[in-house]
Amino acid sequence: GAVVSQHPSWVICKSGTSVKIECRSLDFQATTMFWYRQFPKQSLMLMATSNEGSKATYEQGVEKDKFLINHASLTLSTLTVTSAHPEDSSFYICSATPRGGIHSGANVLTFGAGSRLTVL
Amino acid sequence: SQKIEQNSEALNIQEGKTATLTCNYTNYSPAYLQWYRQDPGRGPVFLLLIRENEKEKRKERLKVTFDTTLKQSLFHITASQPADSATYLCALSRAAGNKLTFGGGTRVLVKP
């Protein structure tokens, strides 16, 4: 089946530094990828929709200058957390809909394994 | 504002019994409702999808119902097994291709 790969699976960084997380669709092309954030014992919150070859669409309250998204190819989207602070520590998960992932007309998401960010 | 509520308390259940989870929503008219499973430290995995004009869907030991009048979906795991222990998330979308909005999830623990 379709696989979405994320890297790194966990990262620890110092406050003020930037961290890049990669999301790759393996053996399928994804024109759209979604980035979610999940705090402990909370649900997934959509941060932004990443569109190949164009600007990402950010959800209300998400700072686009802090969370830079680049979707340069049909199989790769990156999320860069710039000038990270401890409150940015979270579980970041990307997802995509493979071509065969339409069920009854709706997009079914294939998620990556997530990237746990800890900012010291 | 729209709300999607799942029972935040963990559901402890004996192996072999049926686990029933609820997903209630307000200020929302979803066209599609999906259920995902999430294991600790992992991304969610799709389980089932049901449309607004469908009452019930089944897949192996899983069953989902959708009541748009009550604004509620029920998710059943029959003949539960310890391997079913995980957090189960419901997610709604208004239209095909629209973004998904997730509930808070319910943790299920199946005891042998």
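Model, not experiment: these values are computed from the prediction.

### A look at the overall build of chain B
Helix and strand counts for chain B come out as 0 helices and 11 strands. Taking 13 Å as the expected radius of gyration for a compact globule of 112 residues, we find that chain B reaches 13 Å, a close match to that expectation. Each principal axis of the C-alpha atoms in chain B carries an extent, and together these give about 40 × 30 × 20 Å. Each of the 112 residues in chain B was classed as buried or not, and the buried ones make up 44%. Between the centroid of the 16 positive side chains of chain B and the centroid of its 10 negative side chains there is a distance of 3 Å.

### Observations regarding the interface of chain A and chain B
If you look at the interface, chain A gives 19 residues, while chain B gives 20 residues. Buried area between chain A and chain B, summed over both chains or domains, comes out near 1600 Å², and the portion from carbon and sulfur atoms is 58%. Between the two partners, chain A and chain B, sit 1 salt bridge. Residue B:Lys99 pairs with A:Glu59 through a salt bridge whose shortest N-O separation is 2.8 Å. Taken together, the connections running from chain A to chain B amount to 5 residue pairs in polar contact (both at pLDDT 80 or more). Of all elements in the fold, only strand 4 (32-38), strand 5 (44-51), strand 9 (90-96) and strand 11 (106-107) of chain A reach the threshold of two or more residues within the side of chain A that touches chain B. By residue number, the principal contributor to the side of chain A that touches chain B is strand 4 of chain A, which donates 3 residues. Its residues placed into classes, the side of chain A that touches chain B shows 11 nonpolar, 7 polar and 1 charged.

### Describing the sheet that holds strand 1 (residues 3-7) of chain A
All names here are of chain A. Taken together, the 4 strands give an open sheet; going across it, the order is 1-3-8-7, and neighbouring strands pair in antiparallel fashion. In the strand order of this sheet, the two ends are held by strand 1 and strand 7 (67-73), each with one partner. The sheet shows a mean angle of 15° between the axes of neighbouring strands, taken without regard to direction. Relative to strand 3 (residues 19-26), strand 1 runs antiparallel, the two sharing 5 bridges. Looking at the pairing, His 7 lines up with Glu 22 of strand 3.

### Details of the state of the cysteines
Residue and element names in this part refer to chain A. Taken as a whole, this structure holds 2 disulfides over all chains when the rule is applied. Covalent S-S linkage joins Cys 23 and Cys 94, the inter-sulfur distance amounting to 1.9 Å. Negative torsions about the S-S bond denote left-handed disulfides, and the value of about 80° found for Cys 23 with Cys 94 makes this one right-handed. Remark: Cys 94 occurs in strand 9 and Cys 23 occurs in strand 3; sequence separation between them is 71 residues.

### Things to note about the nonpolar core
Residues A:Trp35, A:Phe67, A:Tyr92 and A:Leu117 are the most contacted members of the largest nonpolar core, which totals 24 residues. Of all elements in the fold, only strand 2 (10-13), strand 3, strand 4, strand 5, strand 7, strand 8 (76-81), strand 9 and strand 13 (115-119) of chain A reach the threshold of two or more residues within this core. Excluding its chain neighbours within four sequence positions, the residues that come into contact with A:Phe67 are A:Arg37, A:Met47, A:Tyr58, A:Val62, A:Leu79, A:Thr80, A:Val81, A:Asp88 and A:Tyr92. Counting residues in hydrophobic clusters, the runner-up holds 23 residues, among them B:Ile13, B:Ala19, B:Leu21 and B:Val108.

### Looking at the layout of surface pockets
One number sums up the size of the largest pocket: a volume of about 610 Å³. As for the largest pocket, its lining consists of 26 residues, and the residues nearest its centre are A:Pro40, A:Lys41, A:Gln42, B:Thr87 and B:Arg107. Ranked by residue count, the leading element in the lining of the largest pocket is strand 11 (residues 106-111) of chain B, at 4 residues. By residue class, the composition of the lining of the largest pocket is 9 nonpolar, 11 polar and 6 charged.

### Describing the pairing of strand 3 (residues 19-26) of chain B
Residue and element names in this part refer to chain B. Of the two faces of strand 3, only one is covered, namely that formed by Ala 19, Leu 21, Cys 23 and Tyr 25; the face formed by Thr 20, Thr 22, Asn 24 and Thr 26 stays uncovered. Judged from the 4 bridges that link them, strand 1 (residues 3-6) and strand 3 form a sheet pairing that is antiparallel. Each residue of the ladder has a partner; that of Glu 5, found in strand 3, is Asn 24. Inspection of the sheet shows strand 3 paired to strand 8 (residues 72-77) by 6 bridges, in the antiparallel sense. In the sheet register, Thr 20 faces strand 8, and the bridge partner there is His 76.

About the criteria used
- Residues numbered from 1 in each chain as written.
- Chains lettered and ligands numbered in written order.
- Predicted model: local features only at pLDDT ≥ 70, side-chain atom pairs only at ≥ 80, totals over all residues.
- Heavy atoms only, no water.
- Helix = DSSP H or I, 4+ residues; strand = E, 2+ residues; numbered from the N terminus.
- Rg over C-alpha atoms; globule rule 2.2 N^0.38 Å.
- Buried < 20%, exposed > 50% of the residue type's maximum accessible area, 1.4 Å probe, protein only.
- Lys, Arg positive; Asp, Glu negative; His and termini not counted.
- Charge placed at Lys NZ, Arg CZ, Asp CG, Glu CD.
- Contact = heavy atoms within 4.5 Å.
- Buried area = accessible area lost by both parts, 1.4 Å probe.
- Salt bridge = Lys/Arg side-chain N within 4 Å of Asp/Glu carboxyl O.
- Polar contact = N/O pair within 3.5 Å; in protein donor to acceptor, adjacent residues only side chain to side chain.
- Nonpolar A, V, L, I, M, F, W, Y, C, P; charged D, E, K, R; others polar.
- Pairing = 2+ DSSP bridges.
- Axes fitted to C-alpha atoms, helices over the stretch in contact; angles between N-to-C directions.
- Disulfide = S-S within 2.5 Å.
- Core = buried A, V, L, I, M, F, W, Y, C linked by side-chain atoms within 4.5 Å.
- 1 Å grid on protein atoms, 1.4 Å probe; cavity = no way out; pocket = protein on both sides within 12 Å on 5 of 7 lines; lining within 4 Å.
- Points joined across faces, edges and corners; volume = space filled by probe spheres on them.

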